[in-house]
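Residues per chain, in single letters:
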Amino acid sequence: MNIEKQLWGKTPDGKEIFLYTIKNESGAYVKLSSVGAGIVSVVVPDKDGNLADVVIGYDDPMSYFADGPCSGKCPGRYANRIAKGHFVLDGNEYSLPINNACNHLHGGPEGFQNQVWDSRIEGDAVEFLYFSEDGEAGYPGNLKAVAHYEWSEENELTLTFTAEADAPTVVNLTNHAYFNLNGEGSGTVLNHVLKLNASEYLPTDDTLIPVGASEPVAGTPMDFVSGKTLGAEIKADFPALNYGKGYDNCFVIDGYTPGQIQTAAELYSPESGRVLEVLTTQPGVQIYTGNWLEGCPAGKSGHIYHDYDAVAIECQHYPDSPNKPEYPTTVLRPGEVFEQAIIFSFSVR
């Protein structure tokens, strides 16, 4: 495995931004950035052996800061939403910045995705580390988070998160890469076929906060159990789709067992023949069909991205878990280690 490290730029306050390229023997490669421990590119072959970059992103590293889509990055300390920026832990109340309607999203405007992480090559892997101080964005406890990436000869990108804290806190980490299996900048993904290992989803209110127990997807536009195109029912008159202008919902992964890898999703493009299988140890997968990509920074090679030009498949704990004791816990206590894995496995059909 060949790994190259290059200086990609500097922030206005002088922080160096590094770009890492991991290439396997077949010539397929990934690019990773120290801005938000982000996935910048995944270049893999189609059914005819032609290589293309299947992740949207930007040529300018500065475009990754505070971009609306959170493209390719690892948001935190809590990915997804916390209702009204408020939660109670061990009897103590905590207030977080409101940055999405009336809610807290992805750790707030200064979340992990908008920070330059420390980085290094570690054997055949690239590691990113971010130290979040006690009180940062309102969260309790000093927290050390590590994102560890490996790229295989079989075109599998494995991301392992670990985190430790010195006081009780909450944590939810994921990666927010957007995929277009025909190649970034090639247009809509509504013709991609999505299959989910999820027979239930979390209904939400109109601000996309879950309203309680999961419900069956059967008989609704949320049913991807057997697979269908993303566009098949995206315009259906259904609350979840009306609230988000498309899919922006957390699905409950069938057979979830803590610490065990499960298939979460399979994305397939009939045009290119590329297949992306996503596996994870996490209990949920947020499907977001890029409903608000319009107006984001200029993309790679000058491409302009439009709504529905890519889809995010975000393996994570459920939104608003700190306020929902019935959900799998996101509490991390001193002496414990948060550890979760996501595998993006690319192939052709």
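Anything mentioned here points back to the structure above.
Cut-offs applied
- Residues numbered from 1 in each chain as written.
- Predicted model: local features only at pLDDT ≥ 70, side-chain atom pairs only at ≥ 80, totals over all residues.
- Heavy atoms only, no water.
- Helix = DSSP H or I, 4+ residues; strand = E, 2+ residues; numbered from the N terminus.
- Polar contact = N/O pair within 3.5 Å; in protein donor to acceptor, adjacent residues only side chain to side chain.
- Contact = heavy atoms within 4.5 Å.
- Core = buried A, V, L, I, M, F, W, Y, C linked by side-chain atoms within 4.5 Å.
- Buried < 20%, exposed > 50% of the residue type's maximum accessible area, 1.4 Å probe, protein only.
- Phe/Tyr/Trp six-rings, centres within 6.5 Å; stacked < 30°, edge-to-face > 60°.
- Pairing = 2+ DSSP bridges.

S.K.: Looking at this model, I keep getting lost on the side chain of aspartate 307. Mind explaining?
M.R.: Mapped onto the elements, aspartate 307 comes out in the loop between strand S23 (284–288) and strand S24 (311–316). Polar contacts involving the side chain of aspartate 307 include one to the side chain of lysine 245, which spans 2.8 Å. Excluding its chain neighbours within four sequence positions, the residues that come into contact with aspartate 307 are Lys245, Gly290, Asn291, Trp292, Leu293 and Glu294.

S.K.: What is the right way to read the environment of alanine 37 from this model?
M.R.: Residue placement: alanine 37 occurs in the loop between strand S3 (29–33) and strand S4 (38–45). Sequence separation of alanine 37 and proline 75 is 38 residues, and the distance between their C-alpha atoms is 9.0 Å. For alanine 37, the contacting residues outside a window of four places in its chain are Gly72, Cys74, Trp117, Phe128, Ala147, Tyr149 and Asn175.

S.K.: What exactly am I supposed to notice about the nonpolar core here?
M.R.: Val42, Phe251 and Phe346 are the most contacted members of the largest nonpolar core, which has 66 residues in total. Among residues more than four places away in sequence, those in contact with phenylalanine 346 are Val42, Val44, Val54, Trp151, Glu154, Asn155, Phe179, Leu181, Val275 and Leu276. Judged by nonpolar contacts, the second largest core, of 17 residues, contains Ile17, Val40, Ile56 and Cys296.

S.K.: Any chance you could explain the packing of aromatic side chains here in plain terms?
M.R.: The geometry of an aromatic ring pair comes down to the distance between the two centres and the angle between the two planes. On inspection of all chains with the given rule, the structure shows 18 aromatic pairs. Aromatic side chains tryptophan 8 and tyrosine 64 sit 5.9 Å apart centroid to centroid with 50° between the ring planes, which places their arrangement in the tilted category. Within this pair, whereas tryptophan 8 is found in strand S1 (residues 2–10), its partner tyrosine 64 is found in the loop between strand S5 (51–53) and strand S6 (81–82), the two being separated by 56 residues in sequence. Tyrosine 64 carries the same exposure label as tryptophan 8, and that label is buried.

S.K.: Help me understand the pairing of strand S7 (residues 86–89), please; the structure alone is not making it clear to me.
M.R.: If a strand is regular, its side chains alternate between the two faces of the sheet. Residues Phe87 and Leu89 of S7 are buried on one face, while the alternating residues His86 and Val88, pointing to the opposite face, are not. Sheet analysis places S7 next to strand S8 (residues 92–95), joined by four bridges and oriented antiparallel. Bridge pairing in S8 links leucine 89 to asparagine 92. In sequence, S7 turns back onto S8 through a hairpin of two residues, with aspartate 90 there showing a positive phi of about 55°.

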